[in-house]
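# Close look at the chain arrangement
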Number of protein chains: 2
Amino acid sequence: MKHAIRCNAAVLAVGWLLGWLTAFDLSEAYSTQSFVCADELEKVNTAADPLPTWNEGKAKQAVVEFVAKVTTQGGKDFVPVDERIAVFDNDGTLWPENPVPFQVAYVFDELKRRATKEPKLADDPMVNAALTGDFAKLLEGDHHDGLMRITALTHAGMTTDEFRSSVEAWLASARHPRFNQLYDQLAYQPMQELLRYLRAKGFKTFIVSGGGADFMRVWAERVYGIPPEQVIGSTARTKFELRETGPVLVKTLDYLFVDDKEGKPVGIHQFIGRRPIACFGNSDGDLAMLQYTTINNPRPSFGMIIHHTDDEREYAYDAKPKSSGKLIEALKEAPQRGWTVVSMQDDWKTIFPSKK
Amino acid sequence: MKHAIRCNAAVLAVGWLLGWLTAFDLSEAYSTQSFVCADELEKVNTAADPLPTWNEGKAKQAVVEFVAKVTTQGGKDFVPVDERIAVFDNDGTLWPENPVPFQVAYVFDELKRRATKEPKLADDPMVNAALTGDFAKLLEGDHHDGLMRITALTHAGMTTDEFRSSVEAWLASARHPRFNQLYDQLAYQPMQELLRYLRAKGFKTFIVSGGGADFMRVWAERVYGIPPEQVIGSTARTKFELRETGPVLVKTLDYLFVDDKEGKPVGIHQFIGRRPIACFGNSDGDLAMLQYTTINNPRPSFGMIIHHTDDEREYAYDAKPKSSGKLIEALKEAPQRGWTVVSMQDDWKTIFPSKK
């Protein structure tokens, strides 16, 4: 049973892991700073412009008009605070997903780190394939055993606390190959402003990502101001053990749930239990969640697609992504659904926060 | 695979469904009223006593002292608001679980209702067993096929909206056999005060119950002031469909997760992602969650067990429950763990809200 579930998951996971072979390209780096506003409400409400790094244009106008509409007391489109649910994809929507999704970078860095301390680890042919960049071998076979093997080695068999410590240590040292920044310093500044703006207007902001929930929860509160209980991602079932040292939860890959494509509305229902009124994504992996949020929603709703059009400041891709983030169907459907498409090149004054 | 999962779940579920054979006993009824305070903070902070229906005593003193300790700025035991997570079992902790858990009452009432409109339904031997009270037949076989059959008939194959409507219609008409009240009018008044008190002190209150999340989310916000995204319960995976009429999620019993016993800390990690500092339960089904909250927690923590000791005003049971709610191990472990045991008879002035 477990094996069968793992294999299904592997097939899905492969889509998310596409593009490992992408070559790294280097260009100017940006120094960034992310933080959580304790007093977001005041900050934003007193700000002349809550979205200062958004250029004036249709995209900015659309989101501001939607927020004004649903938050106007007595207006016909007013939505009570409890129902102001906004869902955000993470990779490619709130931070980059190139040259590979950051969680994939973690997997390879973690294997490299451990291989130096556990020489026997490299005897594992799949670990060796990962260390030597033999991606073809990792994807061999119907069940992509290599992929599942290195995922299991880095995401299962340890306690949730051990996993957290490992991710924290990686975040504190690993740097993005192109921007030469700590990965958690690369959250998009315009999206940070949007998150704070929506929260200041009574929205509850959730992440709904194909990435691992345990991975994102380590830093999402510090970086985005989104607490762990509002981070929905791919998950597997942990195992409770009461040890001498106290209770622990051991990570496994059993009952793996991949929170991508049709899995996103499924995850939204399971974790939130009501339909969002605003949805922000950047790829066909977000299509079902955009549909679930905006089609025949009894409440006014809003959909936005972040289109990566800026190869100079970030990356430019859609139908042929460098890694994850394939965008064809959602872009095609956007006009008929009334979804707002953001051009990073035209709509954003800056991509990353500027030096303070 | 699905079958295997269903069977595991059935075995676990049986524990929760024990006691169907309990005879209904009738006695004086209480008129109750439940509501959500929009201005809980002010109401509670200005109240002379935030827990007016709790008798003065060790139990009340223990919870008030804990809350004071973790909310005192600058104190050594201060806990930041973000980490003030309180988890509550539902059946037997926030409302009664006799003569049967209210969700079980829903299953039987729903089958009766549908049988009148769908005569063929009674041709199903398991439905017939349910309608005729042949519980032995429902529990026959290693896989308790009867139990799973009627659960599937009432909890799967419909959209999440259809299920919600069905539960709402039941809640609006069905009455508790002993108290002659609508079921959602039977929330314990002292626990309602406790929920509001904790929220007023910056706690985020969650339900962590073996009951179905979809069932509880229909009424938890209205009755307890707990929004759907803070209701953790037993769940199965829904299926996303984009129909002519719009997107729907179809309920299934696939990947069933039973949020009971060791499943409770597992559910807490999956949905909340951090350890609670306060836990409230009433049975051995809450033992693992009490352990996870209080043993070697780096933060100050609090555990409370509601002991049903009042046969006159509610029910009296522990080792031999009338239905669910077996309490042996947790009660035995309480002294050594420092968990507070509440005697409903001695510690609560009233059980249910009084007439307004």
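Residues numbered from 1 in each chain as written. Chains lettered and ligands numbered in written order. Predicted model: local features only at pLDDT ≥ 70, side-chain atom pairs only at ≥ 80, totals over all residues. Heavy atoms only, no water.

### Some remarks on the overall build of chain A
Each helix and strand in chain A was counted, giving 15 helices and nine strands. Split into buried and exposed, the 356 residues of chain A put 61% on the buried side. In chain A, the proportion of contacts linking residues at least 24 apart, taken out of those at least 6 apart, comes to 72%. (Helix = DSSP H or I, 4+ residues; strand = E, 2+ residues; numbered from the N terminus. Buried < 20%, exposed > 50% of the residue type's maximum accessible area, 1.4 Å probe, protein only. Contact = heavy atoms within 4.5 Å.)

### Observations concerning the relation of the copies chain A and chain B
Between the two copies, chain A and chain B, the superposition gives an RMSD of 0.0 Å; the rotation angle is 180 degrees and the shift along the axis is 0.0 Å. This pairing of chains is accounted for by a two-fold axis. A share of 98% of interface residues in chain A that are also interface residues in chain B marks the association as one of identical surfaces. (Least-squares fit on C-alpha atoms with pLDDT ≥ 70 in both.)

### Some remarks on the packing of aromatic side chains
Residue and element names in this part refer to chain B. If you walk through the whole model with that rule in mind, you get 41 aromatic pairs over all chains. For the ring pair Tyr106 and Trp170, a centre distance of 5.6 Å and an interplane angle of 75 degrees mean the geometry is edge-to-face. In this pair, Tyr106 is assigned in helix α4 (residues 102–117) and Trp170 in helix α8 (residues 160–173), connecting sequence segments 64 residues apart. Residue Tyr106 is classed as buried on the basis of its relative accessible area of 1%. (Phe/Tyr/Trp six-rings, centres within 6.5 Å; stacked < 30°, edge-to-face > 60°.)

### Describing the packing of α4(B) against helix α7 (residues 145–155) of chain B
When two helices pack together, their arrangement is captured by the angle between the axes and the distance separating the axes. Residues and elements named next belong to chain B. Between α4 and α7, the least distance of the axes is 10 Å, while the angle of their chain directions is 75 degrees. Compared by their axis directions, α4 and α7 come out roughly perpendicular. Contacts between α4 and α7 involve Gln103, Tyr106, Val107, Phe108, Glu110, Leu111 and Arg114 from the former and Ile150, Leu153, Thr154 and His155 from the latter. The residue makeup of the contact of α4 with α7, split by class, is six nonpolar, three polar and two charged. (Axes fitted to C-alpha atoms, helices over the stretch in contact; angles between N-to-C directions. Parallel < 35°, antiparallel > 145°, perpendicular 65-115°, else oblique. Nonpolar A, V, L, I, M, F, W, Y, C, P; charged D, E, K, R; others polar.)

### Some points on the domain arrangement of chain A
Residue and element names in this part refer to chain A. Looking at chain A, the domain boundaries give domain 1 (51–97 + 185–347) and domain 2 (102–173). Each partner contributes to the interface: domain 1 provides 21 residues, whereas domain 2 provides 18 residues. The contact between domain 1 and domain 2 buries some 1,500 Å² in all, and 75% of this surface belongs to carbon and sulfur atoms. In terms of surface lost to domain 2, no three residues of domain 1 exceed Phe215, Val218 and Lys251, which account for 45% of the buried area on that side. Linking domain 1 to domain 2 there are zero salt bridges. Our enumeration of links across domain 1 and domain 2 arrives at four residue pairs in polar contact (both at pLDDT 80 or more). Among the secondary structure elements, those contributing two or more residues to the side of domain 1 that touches domain 2 are β2 (204–212), α10 (213–217) and β5 (246–250). The residue inventory of the side of domain 1 that touches domain 2, partitioned by class, reads 11 nonpolar, four polar and six charged. (Domains from an automatic or database assignment. Buried area = accessible area lost by both parts, 1.4 Å probe. Salt bridge = Lys/Arg side-chain N within 4 Å of Asp/Glu carboxyl O. Polar contact = N/O pair within 3.5 Å; in protein donor to acceptor, adjacent residues only side chain to side chain.)

### Some details on helix α8 (residues 160–173) of chain A
Residues and elements named next belong to chain A. The first and last C-alpha atoms of α8 sit 21 Å apart over 14 residues, in line with the 20 Å expected at 1.5 Å per residue. Listed in full, the buried residues belonging to α8 are Thr160, Phe163, Ser166, Val167, Trp170 and Leu171. Buried residues in α8, looked at end-on, bunch into an arc of 135 degrees, giving them a common side. More than 90 degrees from the buried face of α8, the exposed residues found are Asp161, Ala172 and Ser173. (Expected span 1.5 Å × (residues − 1). Arc of directions from axis to C-beta.)

### Focus: the interface of chain A and chain B
With 45 residues of chain A at the interface, the matching set in chain B holds 44 residues. Both faces combined, the contact of chain A with chain B buries some 3,800 Å², and carbon together with sulfur accounts for 56% of it. By the criterion of area lost to chain B, the three top residues of chain A are A:Glu229, A:Phe240 and A:Gln270, representing 17% of everything that side buries. Scanning the region where chain A abuts chain B turns up six salt bridges. Notably, a salt bridge pairs A:Glu221 with B:Arg274, separated by 3.1 Å at the nearest N-O pair. Where chain A touches chain B, the interface holds 20 residue pairs in polar contact (both at pLDDT 80 or more). Contributions of two or more residues to the side of chain A that touches chain B are made by α1 (2–17), β2, α10, β4 (239–243), β5, α12 (263–271) and α13 (287–294) of chain A. Per element, the largest residue contribution to the side of chain A that touches chain B is five residues, and it comes from α12(A). For the side of chain A that touches chain B, a count of residues per class yields 21 nonpolar, 12 polar and 12 charged.

### Things to note about the layout of surface pockets
One number sums up the size of the second largest pocket: a volume of about 740 Å³. Along its surface, the second largest pocket is lined by 29 residues, and A:Asp161, A:Arg164, B:Gly273, B:Arg274 and B:Arg275 are the ones closest to its centre. Residue composition of the lining of the second largest pocket, grouped by class: 11 nonpolar, eight polar and 10 charged. (1 Å grid on protein atoms, 1.4 Å probe; cavity = no way out; pocket = protein on both sides within 12 Å on 5 of 7 lines; lining within 4 Å. Points joined across faces, edges and corners; volume = space filled by probe spheres on them.)

### What about the environment of A:Gly225?
Residues and elements named next belong to chain A. Relative to the assigned elements, Gly225 resides in the loop between α11 (220–224) and β3 (231–234). Accessibility expressed as a relative area gives 17% for Gly225, which makes it buried. Taking the C-alpha atoms as reference, Gly225 lies 9.1 Å from Gln192; in sequence the two are 33 residues apart.

### Observations concerning the side chain of A:Asp89
Residues and elements named next belong to chain A. With respect to the helices, strands and loops of the structure, Asp89 is situated in the loop between β1 (85–88) and α4 (102–117). A distance of 2.8 Å separates the side chain of Asp89 from the side chain of Thr93, its partner in a polar contact. Within the structure, Asp89 has its side chain in polar contact with the side chain of Lys264 (distance 2.9 Å). Leave out the neighbours within four places in its chain, and Asp89 touches Leu94, Val208, Ser209, Lys264, Phe280, Gly281, Asn282, Asp286 and Met289.

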